[in-house]
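Observations on the model geometry
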Amino acid sequence: MKRFPSTALTLFALAIVGSSCASAQDDPKATEQWEPVPKVVTSGAKDNAPPSDAVVLFDGRDLAAWEASKDHSPARWKVHDGVVTVDKTTGNIQTRQRFRNYQLHLEWQVPKDITGEGQGRGNSGLFLASTGPGDEGYEVQIMDSFGNKTYVNGQAASIYKQAAPLVNAARRPGEWQSYDVVWTAPVFAADGSVKLPAYVTLFHNGVLVQNHTELAGETFYIGKPKYKVYTDAPIKLQAHGDHSQPISFRNIWVRPLD
Ligand code: MG
């Protein structure tokens, strides 16, 4: 008899607590966020046209945004018919503007009559951060990988000598292909050590081929990747020394994310 009222009281108290918790949890406004308001960006009308906040690097008219990597002279690759074709005699080209973190769109085409095999078949490259005048930097491989065998961490859409693509999304020579990249630059401590590594996400023709891939450093032809301190850098396109017909690019734009 003596315990009954106290048990009833406890149940009553639990009911009160329970109902007040339920009301806080059931308030949809408790989890609404209203600030800061994302700025408005108008997406490209069609065909991967640049969004309103993009830096247009090549729109088919000229190479004003580009320079020769070796001496910063005007880029001299051949602009024709709304595209630019690699001129292997004049070397790599890079953007005049420097970038840190960004989203990039780029389209490329291996000639229909491409010859050569392995790495010597339509080889070029997209250097996400060009940290030197030669081939220093972080290379996303560009080449003909439509039925063209080579080492998998060197085929198209690989991070050269570091990460093979998740799948081979290559189109046949003569067809235009696209890369959409999210580049997260590495962060270095004051003593030059790596605080945060670089990451690459890449879509090849709309297919995910690099999913937030962590990099071990810059690309090297010989030896393991390693980091070199930098803060921002140009984006570079490679004039590879193979003897196959040069590839072409069109519609290149970038959205800085800093
Ligand atoms: Mg290459």
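Remember, predicted model here, so these are calculated numbers, not experimental data.

Definitions and cut-offs
- Residues numbered from 1 in each chain as written.
- Predicted model: local features only at pLDDT ≥ 70, side-chain atom pairs only at ≥ 80, totals over all residues.
- Heavy atoms only, no water.
- Phe/Tyr/Trp six-rings, centres within 6.5 Å; stacked < 30°, edge-to-face > 60°.
- Helix = DSSP H or I, 4+ residues; strand = E, 2+ residues; numbered from the N terminus.
- Buried < 20%, exposed > 50% of the residue type's maximum accessible area, 1.4 Å probe, protein only.
- Donors = N, O, S within 2.8 Å, 3.2 Å for Na, K, Ca; no water.
- Patch = residues over 30% accessible without salt bridge, like charges linked within 9 Å, V, L, I, M, F, W, Y side chains within 5 Å.
- Areas by Shrake-Rupley, 256 points an atom, 1.4 Å probe, with all protein chains shown as cover.
- Salt bridge = Lys/Arg side-chain N within 4 Å of Asp/Glu carboxyl O.
- Pairing = 2+ DSSP bridges.
- Core = buried A, V, L, I, M, F, W, Y, C linked by side-chain atoms within 4.5 Å.
- Contact = heavy atoms within 4.5 Å.

**Observations concerning the packing of aromatic side chains**
Per the stated rule, a full pass over the model turns up eight aromatic pairs. Judged by centre distance (6.3 Å) and plane angle (20°), the ring pair of tryptophan 77 and phenylalanine 249 falls under stacked. Of this pair, tryptophan 77 sits in the loop between β2 (66-68) and β3 (78-80) while phenylalanine 249 sits in strand β15 (residues 248-256); the two residues are 172 residues apart in sequence, bridging distant segments of the chain. Each member of the pair, tryptophan 77 as well as phenylalanine 249, is classed as buried. An aromatic cluster is defined as three or more aromatic residues linked by ring pairs; in this entry it consists of Tyr138, Trp183, Phe188, Tyr227 and Tyr230.

**Regarding the coordination of the magnesium ion**
Octahedral metals with six donors have ideal donor angles of 90 or 180 degrees. Tetrahedral metals with four donors have an ideal donor angle of 109.5 degrees. At this site the magnesium ion is bound by Asn123 (OD1), Ser124 (O), Glu139 (OE), Gln141 (OE1) and Gln238 (OE1), with donor distances of 2.2 to 2.4 Å. Using a relative accessible area of 0% as the deciding quantity, one classes serine 124 as buried. The class of glutamate 139 is buried, set by a relative accessible area of 5%.

**Some thoughts on a nonpolar patch on the surface**
A cluster of nonpolar side chains, namely Tyr151, Tyr221 and Ile222, defines an oily patch on the protein surface of about 390 Å² accessible area. In this fold, tyrosine 221 is placed in the loop between β13 (207-214) and β14 (236-237). The exposed category is assigned to tyrosine 221, whose relative accessible area is 63%.

**With respect to the environment of alanine 64**
The residue alanine 64 is located in the loop between β1 (55-58) and β2 in this model. Take alanine 64: its relative accessible area is 54%, and that puts it in the exposed class. Along the chain, alanine 64 and alanine 75 lie 11 residues apart, while their C-alpha atoms are 7.9 Å from each other.

**Considerations on the pattern of salt bridges**
Throughout the structure, instances matching the rule amount to nine salt bridges. When the shortest N-O distance is used, the salt bridge between aspartate 87 and lysine 78 registers 3.8 Å. Glutamate 107 is the partner of arginine 250 in a salt bridge, and the nearest nitrogen-oxygen pair spans 2.7 Å. Here glutamate 107 lies in strand β6 (residues 102-109) and arginine 250 lies in strand β15, a separation of 143 residues in the sequence. On the accessibility criterion, arginine 250 (30% relative accessible area) is partly exposed. Look at the salt bridges and you will find they share partners, linking Lys39, Asp53 and Arg255 into a network.

**A short note on the sheet that holds β2**
The strand order β2-β5-β14-β7-β8 describes an open sheet built from five strands, whose pairing is antiparallel. Only two strands of the sheet have a single neighbouring strand rather than two, namely β2 and β8 (139-142). In this structure, strand β7 (residues 124-127) lies alongside β14, joined through two bridges in antiparallel fashion. Within β14, the residue paired with leucine 126 across the bridge is leucine 237.

**Notes on the pairing of β15**
With seven of nine residues buried, β15 lies mostly within the body of the structure. Of the strand pairs in this sheet, β1 and β15 are connected by three bridges, and their pairing is antiparallel. If you follow valine 56 over to β15, its bridge partner there is tryptophan 253. Across two bridges, the pairing between strand β4 (residues 83-85) and β15 is antiparallel. Bridging across to β15, threonine 85 finds its partner in serine 248. Note that β6 and β15 share seven bridges and pair antiparallel. Considered in β15, the bridge of glutamate 107 is made with arginine 250.

**Describing the nonpolar core**
Membership of the largest hydrophobic core comes to 47 residues, with the highest contact counts inside it found for Leu104, Leu106, Leu126, Tyr179, Trp183 and Phe249. Those elements giving two or more residues to this core turn out to be β1, β6, β8, β9 (176-184), β12 (199-204) and β15. Sort the elements by how many residues they give to this core and β6 lands first, with four residues. If we skip the residues at most four places from it in the chain, tryptophan 183 touches Arg100, Asn101, Tyr102, Leu128, Ala129, Tyr138, Ala198, Tyr199, Val200, Leu215 and Tyr230.

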